[in-house]
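# Summary of the model geometry
Chain residues, written in single-letter form:
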Amino acid sequence: MVDNIKWHSGEINKAAREELLGQQGMVLWFTGLSGSGKSTIAVEVEKELYRRGRASYRLDGDNLRFGLNKDLGFTAADREENIRRIGEVAALFADAGLITLASFISPYRSGREAAREAAGVENFKEIYVKASVEACAERDPKGLYAKAKKGEIENFTGISAPYEEPENPDLIVDTEKLSLEESVELVLGLV
Ligand SMILES: Nc1ncnc2c1ncn2[C@@H]1O[C@H](COP(=O)(O)OP(=O)(O)OP(=O)(O)O)[C@@H](O)[C@H]1O
Ligand SMILES: [Mg+2]
């Protein structure tokens, strides 16, 4: 099958689109436990970028599971495929010249590395939104930790499934120590 497909290049490339938009297309990849603050921070960063006249687009875990990834569950294999697809989609958005905010637990290093490679290392920033399982379970904004602890959710990251901490992230945002405003400022420093 792969033998019969061939990349077809256009004449307008990423650099040309970036010149048009006056910005660098990139992926800001937020990883961390459920409830660590990925979506909350991404939403505020998106608002601030908009205010500054920057074109951005937000990709969020739950949202994409309503459509593109609605055929996927939460087994290790499905999570891997979930992140593989998101990594490819984020890379396309960055290639379009947009500042792409991707918020996914993305618990496995291999998945995040694949996303980095899809976007190109120079276009990818890994942001570790850090908070302990205890703090996240305390916040429990979606009530998921309570369910997971009762055994009502299988493969719940931090409880019954692993989270592999980033070894060398571009930024660590410790949401147990920083306010939301401080967290947002740190992220904007990457753009
Ligand atoms: N500095 C902070 N930055 C972001 N959120 C914070 C901060 N301090 C406390 N919070 C709170 O933490 C919670 C984070 O929830 P949020 O939905 O953003 O998590 P998430 O990482 O997107 O989780 P999920 O993976 O389940 O989507 C919110 O209730 C938010 O108000
Ligand atoms: Mg979220």
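Up top is the structure.
Described in the following lines is the structure provided in the data block. (Residues numbered from 1 in each chain as written. Chains lettered and ligands numbered in written order. Predicted model: local features only at pLDDT ≥ 70, side-chain atom pairs only at ≥ 80, totals over all residues. Heavy atoms only, no water.)

### Quick look at the packing of helix α2 (residues 38-51) against helix α8 (residues 180-188)
Closest axis-to-axis distance for the α2/α8 pair is 9 Å, and the angle between their directions is 60°. Judged on the interaxial angle alone, α8 and α2 are oblique. Read as a crossing pair, α2 and α8 show a hand that is right-handed. Side by side, α2 and α8 meet where Thr40, Ile41, Glu44, Val45, Glu48 and Leu49 of the first sit next to Leu180, Ser183, Val184, Val187 and Leu188 of the second. (Axes fitted to C-alpha atoms, helices over the stretch in contact; angles between N-to-C directions. Helix = DSSP H or I, 4+ residues; strand = E, 2+ residues; numbered from the N terminus. Parallel < 35°, antiparallel > 145°, perpendicular 65-115°, else oblique. Left-handed = near helix turned anticlockwise from the far one by under 90°. Contact = heavy atoms within 4.5 Å.)

### Examining helix α1 (residues 14-21)
The opening residue of α1, the one whose side-chain oxygen lies 3.3 Å from the backbone nitrogen of Ala15, is Asn13. Within two residues after α1, Gly22 carries a phi angle of roughly 70°, on the positive side. (Polar contact = N/O pair within 3.5 Å; in protein donor to acceptor, adjacent residues only side chain to side chain.)

### What to know about the nonpolar core
If you look at the biggest cluster of nonpolar residues, it comprises 17 residues, and the most contacted ones within it are Leu28, Phe30, Ile41, Val45, Leu101, Ile127 and Val187. Contact partners of Leu101, with chain neighbours within four places excluded, come to Leu28, Phe30, Ala42, Val45, Glu46, Leu49, Tyr57, Arg58 and Leu59. Listed in part, the 15 residues of the second largest apolar core include Leu64, Ala90, Ala115 and Ala119. (Core = buried A, V, L, I, M, F, W, Y, C linked by side-chain atoms within 4.5 Å. Buried < 20%, exposed > 50% of the residue type's maximum accessible area, 1.4 Å probe, protein only.)

So yeah, pure geometry; function would need other evidence.
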